[in-house]
Each structure stands twice: as C-alpha cells, then as structure tokens.
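# Observations on chain architecture
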Amino acid sequence: MCSTNTGSMLETAIRFHGHQCPGLAIGTRVSEIALRELGKPAKDEEMFAIVENNSCGVDAIQVLTGCTFGKGNLIFNDFGKSVYTFMNRKNQKALRISIRKDAVQMNNEHLDLFARIKDKTATEAEIDIFSQMHIKKSNEIMDLPEKDLMIIKEIDLKPLPMARIHESMECTICGESVMETRVMLLGGAYHCIPCFEKLTETSVRK
Ligand SMILES: [Zn+2]
Ligand SMILES: [Zn+2]
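Note that the structure is a prediction, hence the values are computed from the model and not measured.

## Side note on the overall build of the chain
Counting its regular elements, the chain contains eight helices and nine strands. Buried positions account for 28% of the 206 residues belonging to the chain. Long-range contacts, defined as pairs at least 24 residues apart, comprise 59% of the intrachain contacts of the chain with a sequence gap of at least 6.

As structure tokens, then:
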C-alpha cells in the first residue's frame with residue numbers, strides 16, 4: 001500500500017523523470033521492495049539492477065536505488081519484459097520482481113487516447129483527459145497490494161563483474177576518443193564503430 005514513504009519516493013522520481021505516469025509508479029514500487037529487502041541506495045556498486053525494458057519505470061529505479069546507467073550498476077537487457085532483478089553484492093541476496101500484466105493494464109479508452117497523442121491527432125481536451133487518466137492509473141498502482149502488483153522471487157544469481165575502467169584510443173577517421181574494448185581494427189588502424197560501419201557498410205551493433 002502507498003505509505004508516506006513511498007509517496008515521497010514517488011515525488012523524488014517525478015522530479016527526476018519529469019512527469020507522473022503508471023510506469024514511474026511501477027518503478028517506485030519495485031525500488032521500494034529492492035531497498036526494503038536488499039539495503040540502502042547504492043552509492044557505488046554495492047547493489048546492481050538488471051532491467052528488461054527501458055521505459056519510464058527505469059528512471060524511478062535509477063534515482064531511488066542508486067543503480068544507474070552512469071555507474072554501470074544498471075544493466076539493460078532489451079527483452080521488453082516488465083521484470084526487474086536486483087542483487088546486493090555483499091550478502092549475495094538477489095530478487096527477481098515480475099509485474100503482473102493485469103495489474104497495470106490500461107483500459108481501452110486510455111490506450112486509445114495514448115495512441116492518438118502519439119499520432120498527434122488528439123485535441124487539447126483529450127490530452128487533458130489523458131493526463132488525468134495517467135495520474136489516476138499511476139495512483140492506483142501506488143495503492144495496489146504488493147501481491148496483486150508483482151511476483152517477487154529470491155533467486156540464485158552470479159554477481160556481475162564490477163564496471164571497469166578502460167584505456168581510450170583515437171579513431172583514425174574522426175579523431176574522437178574510443179574505449180579500447182570498442183575499437184574496430186581495419187587495415188591495422190583503430191576505428192570507432194560509426195566510422196567502421198561507414199567504411200564497411202556493415203553493422204556491428206546488435
Ligand atoms: Zn513517464
Ligand atoms: Zn570515428
């Protein structure tokens with residue numbers, strides 16, 4: 001249930017993310033569990049998160065749990081799943097949190113407005129209605145009993161390697177600096193990935 005504590009967590013997440021939305025509410029609820037079960041927000045890499053989508057909720061996770069893109073303790077697996085895994089490196093406790101689809105499903109009117117806003121065919125009045133629906137849905141998610149919102153499992157997980165610092169090399173073509181693990185060799189010369197792709201017209205990015 002939405003306690004004062006999670007309410008202030010949501011406020012923090014909104015300040016960081018820019019708006020209130022259902023995804024941010026999910027991220028806030030997930031972060032609350034991670035902090036309750038695994039400890040304090042990570043100053044460094046004491047905790048890490050593996051997220052399986054890159055939607056709004058991930059912003060709440062970053063600002064609330066300290067598992068961030070920049071520190072390297074936030075791993076993004078592009079699986080399109082509402083699943084969040086956290087691990088405390090010290091005691092090796094790990095949780096896998098999976099969001100129940102029915103709990104966060106938007107109704108047809110909400111979905112229809114969402115599509116029209118994306119197409120830029122919604123009127124001002126419809127945009128207003130949409131914002132209200134979005135906030136209402138977000139508040140509903142904040143108030144859902146934990147067991148109705150998510151499935152939490154303690155799992156065995158091998159800790160991820162710590163983020164490493166690498167040397168920088170210079171790209172022969174653009175002269176910009178590239179991390180050594182991302183350098184592409186062509187004719188014995190160092191290339192950054194975009195310059196390498198332009199020269200060879202292939203894509204090395206997955
Ligand atoms: Zn959002
Ligand atoms: Zn280059």
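## Some details on helix 2 (residues 22-38)
One full turn of an α-helix is made of 3.6 residues, so residues set three or four places apart face in the same direction. Between its first and last C-alpha, helix 2 extends 24 Å over 17 residues, near the 24 Å set by a 1.5 Å rise per residue. Residue Gly39 follows helix 2 closely and has a positive phi angle near 115°.

## Focus on the pairing of strand 3 (residues 83-88)
With five bridges joining them, strand 1 (residues 47-51) and strand 3 adopt antiparallel strand pairing. Paired with Ala49 across the strands is Phe86, a residue of strand 3. Two strands pair when backbone bridges link them, and strand 3 and strand 4 (residues 94-99) are joined in this way by five bridges, in the antiparallel orientation. Directly across from Val83, in strand 4, lies its bridge partner Ser98. From the end of strand 3 to the start of strand 4, which pair antiparallel, there are five residues, and Gln92 there has a positive phi angle of about 65°.

## Here we look at the domain arrangement of the chain
The domain architecture assigned to the chain consists of domain 1 (4-155) and domain 2 (168-200). Distance from the C-alpha centre of domain 1 to the C-alpha centre of domain 2: 37 Å.

## A short note on the pairing of strand 4
If a strand is regular, its side chains alternate between the two faces of the sheet. As paired elements, strand 4 and strand 5 (residues 150-155) share six bridges and run antiparallel to each other. Note that in strand 5 the partner of Ile97 across the bridge is Ile152.

## Side note on the packing of helix 2 against helix 6 (residues 124-143)
Relative to each other, helix 2 and helix 6 sit at 20°, their axes nearing to 8 Å. Relative to helix 6, the element helix 2 lies roughly parallel. Pair helix 2 / helix 6 crosses with right-handed handedness. Residues Pro22, Leu24, Ala25, Ile26 and Arg29 of helix 2 pack against His134, Lys137, Ser138, Ile141 and Met142 of helix 6. For the contact of helix 2 with helix 6, the class distribution of residues is six nonpolar, two polar and two charged.

Calculation notes
Residues numbered from 1 in each chain as written. Chains lettered and ligands numbered in written order. Predicted model: local features only at pLDDT ≥ 70, side-chain atom pairs only at ≥ 80, totals over all residues. Helix = DSSP H or I, 4+ residues; strand = E, 2+ residues; numbered from the N terminus. Buried ≥ 20, exposed ≤ 12 C-beta atoms within 10 Å, placed from the backbone. Contact = placed C-beta atoms within 7 Å. Expected span 1.5 Å × (residues − 1). Pairing = 2+ DSSP bridges. Domains from an automatic or database assignment. Axes fitted to C-alpha atoms, helices over the stretch in contact; angles between N-to-C directions. Parallel < 35°, antiparallel > 145°, perpendicular 65-115°, else oblique. Left-handed = near helix turned anticlockwise from the far one by under 90°. Nonpolar A, V, L, I, M, F, W, Y, C, P; charged D, E, K, R; others polar.

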